[in-house]
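A closer look at the structure
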Amino acid sequence: MSRVLLTLTCGVADAEAIASGLRDGLHVPVHQRAETVLGRDFDDAGTVERVAGALARIAITLDIPADQVPQALGIATAARRRLPFRWHSVAILDAGRIA
């Protein structure tokens with residue numbers, strides 16, 4: 001079974017609800033990191049972000065089987081949130097742990 005790294009990028013206020021739902025629904029570790037997005041795509045931006053020209057976002061990443069992506073997106077969609085989120089998945093070719 002192939003595995004993917006699924007990354008969802010969402011508003012700061014929405015991150016905890018989405019991450020908790022993914023952790024509880026999929027029973028996998030969920031990683032979060034703060035990001036500042038600079039650019040011209042401000043469809044998801046609030047008023048303050050449009051004025052500042054920077055979006056404060058949280059990237060939520062998880063390593064899951066490829067066939068669980070629809071379930072993960074369903075959980076994130078159903079989470080209590082205010083803003084849209086963006087997502088992408090990348091195939092994992094190799095992974096491991098070195099002690």
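Preceding block: the structure.
None of the values given here were measured: they were computed from a predicted structure.

Re the overall build of the chain
Helices and strands together make up the secondary structure of the chain, namely three helices and four strands. Put simply, the chain has 99 residues, and 36% of those count as buried. Across the chain, every contact between residues at least 6 apart in sequence was considered, and the portion connecting residues at least 24 apart equals 74%. Counting only carbon and sulfur atoms, one obtains 55% of the accessible surface of the chain, whose full area is about 6500 Å².

Let's talk about the pattern of salt bridges
Counted according to the given criterion, the structure contains three salt bridges. One salt bridge connects R3 with D63, and the closest N-O pair in it is separated by 2.7 Å. Of this pair, R3 sits in strand β1 (residues 3–11) while D63 sits in strand β3 (residues 54–65), placing them 60 residues apart in sequence. Across the salt bridge formed by R23 and D24, the nearest N and O atoms sit 3.1 Å from each other. D24 gets classed as partly exposed once you look at its relative accessible area, which sits at 46%.

Rules of the game
Residues numbered from 1 in each chain as written. Predicted model: local features only at pLDDT ≥ 70, side-chain atom pairs only at ≥ 80, totals over all residues. Heavy atoms only, no water. Helix = DSSP H or I, 4+ residues; strand = E, 2+ residues; numbered from the N terminus. Buried < 20%, exposed > 50% of the residue type's maximum accessible area, 1.4 Å probe, protein only. Contact = heavy atoms within 4.5 Å. Areas by Shrake-Rupley, 256 points an atom, 1.4 Å probe, with all protein chains shown as cover. Salt bridge = Lys/Arg side-chain N within 4 Å of Asp/Glu carboxyl O.

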